[in-house]
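Spelled out, the chains give:
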Amino acid sequence: MTRYYLAIDIGASSGRHIVGWQEEGALRTEEVYRFKNGVTEADGHLTWDVGRLEREVRAGIDAALEKYPGLESLSIDTWGVDYVLLKEREPVLPCYAYRDSRTETAVPRVQGLLPFEELYARTGVQFQPFNTIYQLYADKLAGRLEGVTGWLMMPEYLMWRLCESAPPCGHEYTNASTTGLLNAATGEFDLEIIKRLGLPESLFGELCQPGTPLGEYKGIKVLLCPTHDTASAVEGIPMEDGAEGTDQLFLSSGTWSLLGAKLPQAVTTPESRRANFSNEGGVGYIRYLKNIMGMWMANNLRAELCPGEDFPAIVRAAQESAYPGLVDVTAQRFMAPGSMSGEMSAALAESGFDAPKTCGDYFRCAYRSLAKCYGESVRELESLTGRKYATLYIVGGGAKNDFLNRLTEEETGLRVVALPIEATALGNLKCQIRAEEESQC
């Protein structure tokens, strides 16, 4: 009897419900529901409408059940770092989005208590102003932690809402590893960090591993997959033999580009800290990676300059352009710009380049700058790990961009294997299938 599983993969700009099943030794999939996502501006802050997200999750499950009434299980993955505070069973709103600027005051306060050199040596997590550690400290400064009895990362919250009779679940390891609050050596919450910041220790319990069951929704088992979308994506990449290993890199190319390797243990050296690499949890390994501005830049340019144009036409225009300018895609100015083209033009002028004249010029600059950053990051990674790499697997939306893939091959010097697949959903589904098989043993 064929068993069907549901992966709910939610990114910063869209969500997808994908049903999977095994057939003739292969994992088959079908997308049954898709919805738009995005931040909402409220009172000068960027927030997530968690109520709408929950409604979309439920609507997609209904759509899946209509076509596949015998679903075995479901799981949800999302982006990392963001969370929902709870007072018993009630969410504390608003739910802030990671691109909000509220951590500007919190960052120097945290680093005054815990210098980043020490923080990185303990956690191995790269500095980003939106890391959960800074968001939670911003909540403390604003008094939002008063009376809080729990907090759940975004996918945990959504699954808990589905399992109405269940108490709040624990934190799933791969997503918790993005918070900047886990000890890289133990893989558990670092209580020394939590004490030094004066965060309520009762909020930080044991972690749960992918495969942990949470409850049921409409007769469907709800369980944890690797709930950080990149962790699921890495699980979903069909690497060749030696994937544990020594010569293969991955690049999850979406709103963010996450470029890295699977390692047996964390790298927390000062050199790694200075290069801003991060150690995040995988399923039995460390995802050693760098977080790079990805399709965010191109998506913003499209919305601003040519909203009616499809991306194949945009990529052709970029290929036809001869614009020579490059920008630093990691610069803070591109994080949440009022005008992406305006910030790019200003950055280019500071580097001595004339402003781009056409849409193709802007996109050529964005794609070439991104590929250049990929090349620099690969060379850094090789130096930091003492390994040489031969192949780069690219998954996600960016894998469909042949022009960017060619630029990446040129800049990295690696063999690029572009897989325009729903790798995140595949990894989510594989974990569910594995959990089902293990439960029957």
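Higher on the page you've got the structure.
Quick caveat: nothing in here was measured; it's all calculated off a predicted structure.

### Regarding the nonpolar core
Here is step 1 of the chain: Within the largest apolar cluster, 140 residues are counted, with the highest numbers of intra-cluster contacts made by Ile61 and Tyr367.
Here is step 2 of the chain: In terms of residues, this core owes the most to one element, helix H13 (residues 359–385), which gives twelve residues.
Here is step 3 of the chain: Apart from residues lying up to four places away in sequence, Tyr367 is in contact with Ala298, Phe311, Ile314, Val315, Ala318, Asn401, Phe403, Leu404 and Leu407.
Here is step 4 of the chain: The next biggest cluster of nonpolar side chains, apart from the first, holds six residues, and it includes Ala7, Ala425, Leu429 and Ile433.

### A look at the packing of aromatic side chains
Here is step 1 of the chain: Summed over all chains, the structure comprises 18 aromatic pairs.
Here is step 2 of the chain: With a centroid separation of 4.4 Å and an interplanar angle of 40°, the aromatic rings of Trp48 and Trp79 are classed as tilted. Placement of the pair is Trp48 in strand E5 (residues 45–48) and Trp79 in the loop between strand E6 (71–77) and strand E7 (83–87), with a sequence separation of 31 residues.
Here is step 3 of the chain: For Trp48, a relative accessible area of 4% puts it in the buried group.
Here is step 4 of the chain: An angle of 65° between the planes, with centres 5.6 Å apart, marks the rings of Phe127 and Tyr134 as edge-to-face.
Here is step 5 of the chain: Within the aromatic cluster, the residues linked to one another by ring pairs are Tyr83, Trp151, Phe189 and Phe204.
Here is step 6 of the chain: Sitting above the plane of the Tyr285 ring, Lys262 keeps its charged end 4.8 Å from the centroid.

### Quick notes on the sheet that holds strand E10 (residues 150–153)
Here is step 1 of the chain: One open sheet accounts for three strands, arranged E8-E7-E10; its pairing is antiparallel. What marks the edges here is a single partner per strand, and that holds for strand E8 (90–92) and E10. The sheet shows a mean angle of 40° between the axes of neighbouring strands, direction not considered.
Here is step 2 of the chain: As paired strands, E7 and E8 are joined by three bridges and run antiparallel to one another. Bridge assignment links Leu85 to a residue of E8, and that residue is Val92.
Here is step 3 of the chain: Against the sheet, helix H4 (residues 132–141) contacts E7 and E10, and its axis sits at roughly 35° relative to E7.
Here is step 4 of the chain: Lying on the sheet, helix H5 (residues 154–162) is in contact with E7, E8 and E10; it crosses E10 at an angle near 105°.

### Let's talk about the side chain of Ser369
Here is step 1 of the chain: Take Ser369: it is sitting in helix H13.
Here is step 2 of the chain: Residue Ser369 is classed as buried on the basis of its relative accessible area, which comes to 2%.
Here is step 3 of the chain: Within the structure, Ser369 has its side chain in polar contact with the backbone nitrogen of Val327 (distance 2.9 Å).
Here is step 4 of the chain: Polar side-chain contacts of Ser369 include one of 2.6 Å to the backbone oxygen of Cys365.

### Things to note about the sheet that holds strand E9 (residues 95–96)
Here is step 1 of the chain: In space, the three strands of this open sheet follow the order E4-E5-E9, with antiparallel pairing throughout. At either end of the open sheet lies a strand with only one pairing partner, and these are strand E4 (40–42) and E9.
Here is step 2 of the chain: As defined by bridge partners, E5 adjoins E9 across two bridges and the pair is classed as antiparallel. Across the sheet, residue Trp48 finds its bridge partner in E9, namely Cys95.

### Focus: the environment of Ser257
Here is step 1 of the chain: Tracing the chain through its elements places Ser257 in strand E16 (residues 256–263).
Here is step 2 of the chain: The contacts of Ser257, once residues within four sequence positions are left out, are Leu251, Ser252, Lys290, Asn291, Ile292, Met293, Gly294, Leu370 and Tyr374.
Here is step 3 of the chain: In this structure the side chain of Ser257 is engaged in a polar contact, spanning 2.6 Å, whose partner is the side chain of Tyr374.

### Topic: the pattern of salt bridges
Here is step 1 of the chain: Counted under the stated rule, the structure contains 27 salt bridges.
Here is step 2 of the chain: The partner of Glu31 in a salt bridge is Arg34, with the nearest N and O atoms 2.9 Å apart.
Here is step 3 of the chain: The shortest N-O distance in the salt bridge between Lys218 and Asp62 comes to 2.6 Å. Within this pair, whereas Lys218 is found in the loop between strand E13 (213–217) and strand E14 (220–223), its partner Asp62 is found in helix H1 (residues 50–67), the two being separated by 156 residues in sequence.
Here is step 4 of the chain: Since its relative accessible area comes to 35%, Asp62 is described here as partly exposed.
Here is step 5 of the chain: Several salt bridges converge on common partners, so that one network encompasses Asp9, Arg16, Glu31, Arg34 and Glu422.

### Remarks on unusual backbone geometry
Here is step 1 of the chain: Along the chain, Leu93 connects to Pro94 via a cis peptide bond; the corresponding omega equals 5°.
Here is step 2 of the chain: Inspection of the secondary structure puts Pro94 in the loop between E8 and E9.
Here is step 3 of the chain: Phi angles above zero are rare outside glycine, and Glu88 is one such case at about 60°.

Cut-off values and rules
Residues numbered from 1 in each chain as written. Predicted model: local features only at pLDDT ≥ 70, side-chain atom pairs only at ≥ 80, totals over all residues. Heavy atoms only, no water. Core = buried A, V, L, I, M, F, W, Y, C linked by side-chain atoms within 4.5 Å. Buried < 20%, exposed > 50% of the residue type's maximum accessible area, 1.4 Å probe, protein only. Helix = DSSP H or I, 4+ residues; strand = E, 2+ residues; numbered from the N terminus. Contact = heavy atoms within 4.5 Å. Phe/Tyr/Trp six-rings, centres within 6.5 Å; stacked < 30°, edge-to-face > 60°. Lys NZ or Arg CZ within 6 Å of the ring centre and 35° of its normal. Pairing = 2+ DSSP bridges. Axes fitted to C-alpha atoms, helices over the stretch in contact; angles between N-to-C directions. Polar contact = N/O pair within 3.5 Å; in protein donor to acceptor, adjacent residues only side chain to side chain. Salt bridge = Lys/Arg side-chain N within 4 Å of Asp/Glu carboxyl O.

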